[in-house]
Amino acid sequence: MPKLLLIATGGTIAGSAADTTDTSRYRAGALSAETLLHALPEASTIGHITAEQPFALDSKDMTPTHWLALAALLRERLASPEVDGVVITHGTDTLEESAFFLHLTLPRSKTVVLTAAMRPATARSADGPMNLLQALACAATQSAAGLGPLVVASDRIWRARDCSKRHTHAPDALGGVDAGPVGVAIGTHIRLDQAADGGAPCFAGTLPSALPRVDVLAAYAGAPADLIDASVANGAAGIVLALAGHGSVPDDWRPAITAAVARGIPVVRASRVASGGVMPQANFDDAAHGTLACGRLTPWQARVTLMLALGCGIPAERLQDTLHRA
Ligand code: SIN
């Protein structure tokens, strides 16, 4: 029997409401890891499961400090012969940020799976129990390890780097950004449709004890350029711009961008469009302005990458390549 570790962090999957039909007013993270497992006796047929609960959060309150603590805990547990695979329960709201952080920082020796739910555990047709069962079955699948951390929900398996929240309330809210699932769960049978490439994570070494402030600023019709000045004045070490289209920069933002870059603050062009990313030099002369392009990353993923790169002391001339490799 594989030895599986459940790391519970809260979310709707551990949510509790007063009414079984209420799927929007409930307390996320109310139920313990033990309670979730107790409601899932079938899990004992998948593996020998132990549980830890480092936090019990509504994931809107997840911070970079939690990411660092989670990565440190996981690195330690994955090194232990007592753990063959790990499942992390997490709120859907910011799952994609934590998942991407783990994608960038965890070794790929054992399978790590994040799962979540859109309906609280007390709801009729709660989606959490089956998601958790399938996530445990996936974590027991050693051949999935080289794909990096995975997300399992609604019968599908995505690489953590490809998954985002795409609906505010529907049960199948999680989906791929620019890539499809790498496999499916049929009941507790796991079918992987993509071979693991076994690549190493981008940040395999020692992680910093804290991450620098990096802001994401959205461009919208009439968005004032002083958003950038305010971010710089408040101590941002880097800025990601969620721009329109293929990273188009409003003309009146150029002076503020130039001023930030002149102060040594990396400015990354990303897009507020759901998929496609922003390629270097597309719609803007990055070389002339000293800006960077996020490549395939979402603004949130570009932020996580830039925080880690700056925190790990990656020099300015290697930041574009780091975003490209993330
Ligand atoms: C949360 O993100 O913690 C609440 C929402 C959810 O899990 O769906």
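The preceding data block contains the structure.
Asker: How would you summarise the sheet that holds strand β5 (residues 150–153) if you had to cite specific residues and measurements?
Answerer: The eight strands lie next to each other as β2-β1-β3-β4-β5-β6-β9-β10, forming an open sheet whose pairing is mixed. Bordering the open sheet on either side are β2 (48–52) and β10 (189–192), each of which pairs with just one other strand. For this sheet, the mean inter-axis angle between neighbouring strands, taken without regard to orientation, is 25 degrees. Across the sheet, helix α3 (residues 95–105) is in contact with β3 (85–89), β4 (111–115), β5 and β6 (156–159); its angle to β4 comes to roughly 170 degrees. The sheet strands contacting helix α4 (residues 128–139) are β1 (3–8), β2, β3, β4, β5, β6, β9 (183–186) and β10, and the helix crosses β4 at an angle near 170 degrees.

Asker: Give a detailed account of empty space enclosed by the protein, specifying residues and quantitative values.
Answerer: In the structure shown here, the tally under the stated rule is two cavities of 30 Å³ or more. Its boundaries defined by the atoms lining it, the largest cavity holds a volume of some 40 Å³. Forming the walls of the largest cavity are Thr92, Ala116, Ala117, Met118, Asp127, Asn131, Ala153, Ser154, Pro171, Asp172, Ala173 and Leu174. Grouping the constituent residues of the lining of the largest cavity by class yields seven nonpolar, three polar and two charged. Lining the second largest cavity are Arg161, Asp162, Val177, Asp178, Arg296 and Gln301. Partitioning the lining of the second largest cavity into residue classes produces one nonpolar, one polar and four charged.

Asker: Just give me the short version of the site of the ligand, but keep the residues and values in it.
Answerer: The full set of residues close to the ligand is Gly11, Thr12, Tyr26, Asp58, Ser59, Gly91, Thr92, Asp93, Ala117, Met118 and Lys165. Asp58 is positioned such that a nitrogen or oxygen atom in its side chain is 3.3 Å from an oxygen atom of the ligand. Between the ligand and Ser59 there is a distance of 2.6 Å, counted from an oxygen atom to a side-chain nitrogen or oxygen. Considering the ligand on its own, with 250 Å² of exposed area, one finds that the protein chains cover 96% of that surface. Given that more than half its atoms are within 2 Å of the pocket grid, the ligand belongs to the second largest pocket.

Asker: Account for the pairing of β10, with residues named and values stated.
Answerer: Here β9 runs beside β10; their pairing, made up of four bridges, is antiparallel. Each residue of the ladder has a partner; that of Ile186, found in β10, is His189. Connecting β9 to the next strand, β10, in antiparallel fashion are two residues, including Gly187 with a positive phi near 60 degrees.

Asker: Before we move on, could you go through helix α5 (residues 226–233) and cite the residues and values that matter?
Answerer: Along α5, the residues classified as buried are Ile228, Ser231 and Val232. Seen from one end, α5 has its buried residues packed into an arc of 95 degrees, which puts them on one side. In the core, the buried residues of α5 are packed alongside β11 (214–218), β12 (238–243) and α6 (254–262). Of the residues flanking the end of α5, it is Gly235, one or two places downstream, whose phi is positive at about 100 degrees.

Asker: Explain the sheet that holds strand β14 (residues 292–293) to me, and be specific about the residues and the numbers.
Answerer: The sheet built from four strands is open, its strands ordered β11-β12-β13-β14 with parallel pairing. At either end of the open sheet lies a strand with only one pairing partner, and these are β11 and β14. Here β12 runs beside strand β13 (residues 267–271); their pairing, made up of five bridges, is parallel. By the bridge assignment for β13, Ile239 is matched with Val267.

Asker: Can you break down the nonpolar core residue by residue, with the values?
Answerer: By size, the foremost hydrophobic cluster in this structure holds 54 residues, and its most contacted members are Leu74, Val86, Phe101, Leu102 and Val151. In terms of residue count, the dominant contributor to this core is helix α2 (residues 64–78) (seven residues). Setting aside residues up to four positions removed in sequence, Val151 forms contacts with Leu95, Ala99, Leu114, Arg156, Ile157, Trp158, Ala160, Cys163 and Leu174. Of all hydrophobic cores here, the second largest spans 30 residues; its members include Ala8, Ile13, Ala137 and Ala139.

Criteria and thresholds
- Residues numbered from 1 in each chain as written.
- Predicted model: local features only at pLDDT ≥ 70, side-chain atom pairs only at ≥ 80, totals over all residues.
- Heavy atoms only, no water.
- Pairing = 2+ DSSP bridges.
- Helix = DSSP H or I, 4+ residues; strand = E, 2+ residues; numbered from the N terminus.
- Axes fitted to C-alpha atoms, helices over the stretch in contact; angles between N-to-C directions.
- Contact = heavy atoms within 4.5 Å.
- 1 Å grid on protein atoms, 1.4 Å probe; cavity = no way out; pocket = protein on both sides within 12 Å on 5 of 7 lines; lining within 4 Å.
- Points joined across faces, edges and corners; volume = space filled by probe spheres on them.
- Nonpolar A, V, L, I, M, F, W, Y, C, P; charged D, E, K, R; others polar.
- Near = heavy atom within 4 Å.
- Polar contact = N/O pair within 3.5 Å; in protein donor to acceptor, adjacent residues only side chain to side chain.
- Areas by Shrake-Rupley, 256 points an atom, 1.4 Å probe, with all protein chains shown as cover.
- Sits in = over half its atoms within 2 Å of the grid points.
- Buried < 20%, exposed > 50% of the residue type's maximum accessible area, 1.4 Å probe, protein only.
- Arc of directions from axis to C-beta.
- Core = buried A, V, L, I, M, F, W, Y, C linked by side-chain atoms within 4.5 Å.

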